[in-house]
Amino acid sequence: MNSSTSTPHASARHVLFLASVAAIGGFLFGFDSAVINGTIESLKESFGTGADGTGFAVGSALLGCAAGAFGAGAVAERFGRKPAMGVAAVVFLVSAIATGAATNVYLFVAARVLGGLAIGAASILAPMYISEVAPAALRGRLSSLQQLAIVLGLFFAFLSNYLIAAAAGGASKLFWFGAPAWRWMFWMEAVPSAAFLIGVLFIPESPRFLVARGKTDEARSVFARIGDWGGGNADALVREVRESLKADHKPRLSDLIDRASGHISPVLWVGVGLAVFQQFVGINVIFYYGEVLWKAAGLTSDEALQRNLISGGVNILSTFIAIALIDKVGRKPLLLFGSVGMVITLGVMAFIFARAGVDEKGNPVLSKEAGLVAFAAALLYIVSFGTSWGPVMWVLLGEMFPNRLRGAALAVSGSANWIANFAVTLTFPPLLAGAGLGSAYGLYAGAALLSGVFVLYAVQETKGKTLEQM
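Residues numbered from 1 in each chain as written. Predicted model: local features only at pLDDT ≥ 70, side-chain atom pairs only at ≥ 80, totals over all residues. Heavy atoms only, no water.

Mapped onto the fold, Leu437 is located in helix 21 (residues 437–458). Its relative accessible area of 5% is what places Leu437 among the buried residues. Counting along the chain gives 87 residues from Leu437 to Ala350, while the straight-line C-alpha distance between them is 7.0 Å. (Helix = DSSP H or I, 4+ residues; strand = E, 2+ residues; numbered from the N terminus. Buried < 20%, exposed > 50% of the residue type's maximum accessible area, 1.4 Å probe, protein only.)

Here it is in structure tokens:
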């Protein structure tokens, strides 16, 4: 019996809708991460914090991110992907309102940590759900929607902050209903949070989770609407998932230990390696500290802001390129291309800034020509990352783990990504002040070189395979 009753076009629209709803979590991930950047000076004024207190307030969300990523997999395995995403949407909504309404730094930090829990959870749940509902032939492109949503969230947070500040006359100025503009910057996140919550109500549970819970009729119905692109009809897909789950048990962290060798499963090490290298190449230095970075290179605030906006636009375009190529070229070739590109571009930036003179404040001074070359190298670095490690890492984490490991392995890998993010974010300011930009870029170039070696020897291609085949 062929249970697939959807036409290819109808199935395509349905799968795109499912993936797009899940990807709103990625949009919120990006928005929540970036919205803080337009409010830092206002937070100092409102809460009377010094540099250390403000720095902790800014970075506090990362404390919740690792915990959210670690716990999301277990919640999704126990209660389902759909309920877990619904909870994350509610937490995003509560955090957005509470952060904007905070009356002291302690409430603000608590609200940011709460938002971090949702960010970490979304970073795991979106690729998990998309990989489990997407046909194998389209899974790479659909899973890349997660990264596209993240970079769109980053861009729209910057845009929203800019528009609100411009309308109010500054982030600290009063805006609608007598509230300072910086509070409205956080409250704007309530709009996509509500959209995420509403969208989750209209999507089905993951068919692979349904099979694991013995709800085969429901799973068959979901597979039928997805279509036959996965290599067989709905009944065949249900049987394939059931076979892959035989002798499995309730997911637990002990599953990550290989039963034959007694060591941690090698595939987990690959996942953790991908997650860590994605951050150690230094991409968030560009996006978190872009203004600081270009000011250190001698630009004015307006010039630095312009370069940030250009960088954000290039990042979005790069992600579109990745979506177009990932199911044609494959995951591993894109990662290798990205590593090589980042080694070259980061090496160019390290060379330029290492040879630059310094002003009386110790900031590098570049000639016009050197500044243009450095900016071009930075944009090509973003292209190298955006077409490879940015989206491909999330795609691989969503699809590379066996069913019995997926929840726990995603939790550990996602947490490793956020810990690496925190490490890079925390170490860049003292690295900039001490060793300088040349040394910082040299360090990230070395990490990019190691990332290429890691991919060459440790990563296997997953293009065109169903999750059960892998």
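This is not the end of the story, as more comes after the structure.
Let us now look at the pattern of salt bridges. Under the criterion given, the structure shown has one salt bridge. Note that Asp32 and Arg112 form a salt bridge whose closest N and O atoms lie 3.1 Å from each other. Here Arg112 lies in helix 5 (residues 105–133) and Asp32 lies in helix 1 (residues 8–34), a separation of 80 residues in the sequence. Each of the two residues, Asp32 as well as Arg112, counts as buried. (Salt bridge = Lys/Arg side-chain N within 4 Å of Asp/Glu carboxyl O.)

Attention now moves to the environment of Phe337. Checked against the element boundaries, Phe337 lands in helix 17 (residues 331–355). Between the C-alpha atoms of Phe337 and Phe385, which are 48 residues apart in sequence, the distance is 9.2 Å. If we skip the residues at most four places from it in the chain, Phe337 touches Ser384 and Thr387. (Contact = heavy atoms within 4.5 Å.)

The subject of this paragraph is helix 9 (residues 190–201). An α-helix turns once every 3.6 residues. As a result, residues three or four positions apart point the same way. Here helix 9 spans 17 Å end to end across 12 residues, near enough to the 16 Å set by a 1.5 Å rise per residue. Along helix 9, the residues classified as buried are Ala190, Pro192, Ser193, Phe196, Gly199 and Val200. (Expected span 1.5 Å × (residues − 1).)

Note that predicted coordinates carrying low pLDDT should not be read in detail. Overall, the prediction assigns the protein chain a mean pLDDT of 78, with 76% of residues at 70 or greater. Segment residues 1–6: pLDDT under 50, and 17 contacts once partners within four positions in sequence are set aside and those in other chains are kept. (pLDDT = per-residue confidence, 0-100.)

Before going further, it helps to spend a moment on the packing of helix 7 (residues 145–168) against helix 19 (residues 389–399). At a minimum axis separation of 8 Å, helix 7 and helix 19 run at an interaxial angle of 135 degrees. Relative to helix 19, helix 7 is oriented oblique. Helix-helix and strand crossings are classified by hand; for helix 7 and helix 19 the assignment is right-handed. In contact with Gln146, Gln147 and Ile150 of helix 7, helix 19 contributes Gly390, Pro391 and Trp394. Class assignment of the residues belonging to the contact of helix 7 with helix 19 gives a composition of three nonpolar, three polar and no charged. (Axes fitted to C-alpha atoms, helices over the stretch in contact; angles between N-to-C directions. Parallel < 35°, antiparallel > 145°, perpendicular 65-115°, else oblique. Left-handed = near helix turned anticlockwise from the far one by under 90°. Nonpolar A, V, L, I, M, F, W, Y, C, P; charged D, E, K, R; others polar.)

Under the definition given, this model contains 12 aromatic pairs. Plain terms: the ring middles of Phe108 and Phe186 are 5.6 Å apart, the flat faces sit at 75 degrees to each other, and that makes the pair edge-to-face. With Phe108 in helix 5 and Phe186 in helix 8 (residues 181–187), this pair connects stretches of sequence that are 78 residues apart. For the pair shown, Phe108 and Phe186 are each scored as buried. With 6.1 Å between their ring centres and 85 degrees between their planes, Trp182 and Phe186 make a pair best called edge-to-face. Taken together, the residues Trp182 and Phe186, both in helix 8 and four residues apart, mark about one turn of the helix. Owing to a relative accessible area of 1%, Trp182 belongs among the buried residues under this scheme. Owing to a relative accessible area of 2%, Phe186 belongs among the buried residues under this scheme. The structure contains a cluster of three or more aromatic residues connected by ring pairs, namely Phe175, Trp176, Phe177, Trp184 and Trp187. (Phe/Tyr/Trp six-rings, centres within 6.5 Å; stacked < 30°, edge-to-face > 60°.)

At a minimum axis separation of 8 Å, helix 4 (residues 81–101) and helix 9 run at an interaxial angle of 160 degrees. In this view, helix 4 runs roughly antiparallel relative to helix 9, as classed from their interaxial angle. Here helix 4 runs over helix 9; the crossing is left-handed. Across the interface between the two elements, Lys82, Met85, Gly86, Ala89, Val90, Phe92, Leu93 and Ala96 of helix 4 pack against Ala190, Ser193, Phe196, Leu197, Val200 and Leu201 of helix 9. When the residues that make up the contact of helix 4 with helix 9 are grouped by side-chain class, the tally is 11 nonpolar, two polar and one charged.

Most of helix 19 sits out of view: 11 of its 11 residues are buried. Among the residues making up helix 19, those that are buried are Trp389, Gly390, Pro391, Val392, Met393, Trp394, Val395, Leu396, Leu397, Gly398 and Glu399.

Okay, the nonpolar core next. Counting residues in each nonpolar core, the largest one holds 128 residues, and the members touching the most others are Leu274, Leu346, Tyr381 and Tyr441. Of the residues forming this core, the biggest block, 13 residues, is contributed by helix 5. Look past the residues within four positions of Leu346 in its chain and what remains in contact with it is Val281, Tyr381, Tyr441, Tyr444, Ala445 and Ala448. (Core = buried A, V, L, I, M, F, W, Y, C linked by side-chain atoms within 4.5 Å.)

Another point: the side chain of Glu189. In this fold, Glu189 is placed in the loop between helix 8 and helix 9. One buried charged side chain, Glu189, makes no salt bridge at all; its nearest oppositely charged neighbour is Arg112, positioned 5.5 Å away. In contact with Glu189, other than residues within four places in its own chain, are Leu28, Phe31, Asp32, Phe92 and Ala96. (Lys, Arg positive; Asp, Glu negative; His and termini not counted.)

The next thing to look at is a nonpolar patch on the surface. Residues Phe17, Ile198, Leu201 and Phe202 make up a contiguous nonpolar surface patch of roughly 450 Å² in combined accessible area. Relative to the assigned elements, Phe202 resides in the loop between helix 9 and helix 10 (207–212). When its relative accessible area of 60% is taken as the criterion, Phe202 is described as exposed. (Patch = residues over 30% accessible without salt bridge, like charges linked within 9 Å, V, L, I, M, F, W, Y side chains within 5 Å. Areas by Shrake-Rupley, 256 points an atom, 1.4 Å probe, with all protein chains shown as cover.)

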